[in-house]
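A look at the structure
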Amino acid sequence: MIEIKDLHKSYHMGNNSLHVLKGINFNVKEGELVSIMGSSGSGKSTLLNILGMLDEADEGSYTLDNVPIKNLNEKIAANYRNKFLGFIFQSFNLINYKSALDNVALPLYYQGAKRKERADKAMHYLEKVGLAEWSHHLPSELSGGQKQRVAIARALASDPKVLLADEPTGALDTKTSYEVMDLIQGINDEGKTILLVTHEPDIAQMTKRIVNLKDGLIIDDSKVEQVRAIAHV
Ligand code: ADP
Ligand code: MG
């Protein structure tokens, strides 16, 4: 599903440059649930943003679902992003003046789906995350855990090949974090490929594979005995 070879990325600020990714190699197969770990500043978000086509590497290759991701024009890139990728962020990134339902329906709007199809699908995914009866509420009327569920429903709405989550439990208390991880595990059980950035070891243990980043390189990449979140909710 994902193939990355010798990926490099630097940031340049005036005369200074910061070499953040120094030759990353890794592959992700369909159906995997992978966590990317590392201390703050180790390049986790940089890597995830490149995987998410929100940013481009300086060197190396990236292939997503057999498509080489390189020098795509903005329109084609946006198209692939919409079709292949779903995003979940630490701070939810919901639109404050839109209802839960309208937030979930938004990616479908960009895909050109008709109004009725958008509403039906959005409702389907809100049901899936257990929030059907909250569909007409605004984000400000929802708890943190509920907001993240809406964001997960939104990420699923376009049925992407890969879900990318940057610290999805970073703004949640432990119990709510585990509830969100239970949902993420369930989505992965159904076959969805998921990559998740975290710096919390207990969250990483709830994935199936941990990739450890340090000083711009992968220093460890191991399978884990997956801990089920439901046992800790
Ligand atoms: P992590 O997500 O692991 O905390 P990041 O990938 O966000 O790490 O950042 C890695 C390093 O790159 C940090 O030192 C950060 O300050 C720097 N960095 C990230 N984004 C930018 C940017 N747009 N411009 C300059 N430096 C950046
Ligand atoms: Mg980060």
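Note that the structure is a prediction, hence the values are computed from the model and not measured.

**So, the overall build of the protein**
Summing up its helical and strand segments, the protein has seven helices and 10 strands in all. For 233 residues, the compact-globule formula gives about 17 Å, and the C-alpha radius of gyration of the protein, at 18 Å, lands near that figure. Expressed along its principal axes, the backbone C-alpha trace of the protein runs to roughly 50 × 45 × 35 Å. Residue burial in the protein is summarised as follows: out of 233 residues, 49% are buried. In the protein, once contacts between residues fewer than 6 apart in sequence are set aside, the share between residues at least 24 apart is 69%. A total accessible area of about 11600 Å² is found for the protein, and carbon and sulfur atoms account for 48% of it. When the 27 basic and 30 acidic side-chain charges of the protein are each reduced to a single mean position, those positions are 5 Å apart.

**Remarks on the pairing of strand β7 (residues 162-166)**
Of all five residues in β7, five are buried; the element is thus mostly enclosed. Burial of the side chains of β7 extends over both faces: Val-162, Leu-164 and Asp-166 are buried on one face and Leu-163 and Ala-165 on the other. As judged from the five bridges shared by strand β6 (residues 85-89) and β7, these two strands associate in the parallel manner. Within β7, the position partnered with Phe-87 by the bridge is Leu-164. With five bridges joining them, β7 and strand β8 (residues 193-197) adopt parallel strand pairing. If you follow Asp-166 over to β8, its bridge partner there is Val-197. Each parallel crossover has a hand, and the one from β7 via helix α6 (residues 174-189) to β8 is right-handed.

**With respect to the packing of aromatic side chains**
Evaluated as defined, the whole model comprises three aromatic pairs. Aromatic pair Phe-87 and Phe-89: ring centres 6.0 Å apart, planes at 10°, arrangement stacked. For Phe-89, a relative accessible area of 26% corresponds to the partly exposed category.

**Focus: the site of ligand 1**
All residues adjacent to ligand 1 are Tyr-11, Met-13, Leu-18, Val-20, Ser-39, Ser-40, Gly-41, Ser-42, Gly-43, Lys-44, Ser-45 and Thr-46. Gly-41 places a polar main-chain atom, nitrogen or oxygen, 2.7 Å from an oxygen atom of ligand 1. About the coverage of ligand 1: the protein hides 60% of its 570 Å² of free accessible area. The biggest single contributor to the shell around ligand 1 is helix α1 (residues 44-51), with three residues. When grouped by side-chain class, the residues that make up the shell around ligand 1 number four nonpolar, seven polar and one charged.

**Let's talk about empty space enclosed by the protein**
Summed over all chains, the structure comprises one cavity of 30 Å³ or more. Top element by residues in the lining of the largest cavity is strand β4 (residues 59-64). It accounts for four residues. Taken together, the residues that form the lining of the largest cavity break down as six nonpolar, two polar and four charged.

**Observations concerning the side chain of Arg-118**
With respect to the helices and strands, Arg-118 occurs in helix α4 (residues 115-128). Here Arg-118 is in contact with Ala-105, Leu-108, Tyr-109 and Ala-113, once residues within four sequence places are set aside.

**Quick look at the layout of surface pockets**
To find the voids left in a structure, one rolls a probe of water-molecule size over its atoms. Considering only enclosed or pocket space, the largest pocket measures out at about 450 Å³ in volume. As for the largest pocket, its lining consists of 16 residues, of which Asn-82, Leu-85, Phe-87, Pro-107 and Tyr-110 are closest to the centre. Broken down by secondary-structure element, the contributors of at least two residues to the lining of the largest pocket are α2 (74-84), β6, α3 (100-110) and α5 (144-157). In the lining of the largest pocket, the residues fall into 10 nonpolar, four polar and two charged. The space that makes up the second largest pocket amounts to roughly 230 Å³.

**What about the pairing of β8?**
Counted residue by residue, β8 has five buried out of five residues, so it is predominantly covered. Burial along β8 is two-sided: Thr-193, Leu-195 and Val-197 and Ile-194 and Leu-196, pointing in opposite directions, are all buried. Bridging between strand β3 (residues 33-37) and β8 involves four bridges; their strand directions are parallel. Across the sheet, residue Ile-36 finds its bridge partner in β8, namely Val-197.

So, how was this worked out
Residues numbered from 1 in each chain as written. Chains lettered and ligands numbered in written order. Predicted model: local features only at pLDDT ≥ 70, side-chain atom pairs only at ≥ 80, totals over all residues. Heavy atoms only, no water. Helix = DSSP H or I, 4+ residues; strand = E, 2+ residues; numbered from the N terminus. Rg over C-alpha atoms; globule rule 2.2 N^0.38 Å. Buried < 20%, exposed > 50% of the residue type's maximum accessible area, 1.4 Å probe, protein only. Contact = heavy atoms within 4.5 Å. Areas by Shrake-Rupley, 256 points an atom, 1.4 Å probe, with all protein chains shown as cover. Lys, Arg positive; Asp, Glu negative; His and termini not counted. Charge placed at Lys NZ, Arg CZ, Asp CG, Glu CD. Pairing = 2+ DSSP bridges. Right-handed = clockwise from strand over helix to strand, strands pointing away. Phe/Tyr/Trp six-rings, centres within 6.5 Å; stacked < 30°, edge-to-face > 60°. Near = heavy atom within 4 Å. Polar contact = N/O pair within 3.5 Å; in protein donor to acceptor, adjacent residues only side chain to side chain. Nonpolar A, V, L, I, M, F, W, Y, C, P; charged D, E, K, R; others polar. 1 Å grid on protein atoms, 1.4 Å probe; cavity = no way out; pocket = protein on both sides within 12 Å on 5 of 7 lines; lining within 4 Å. Points joined across faces, edges and corners; volume = space filled by probe spheres on them.

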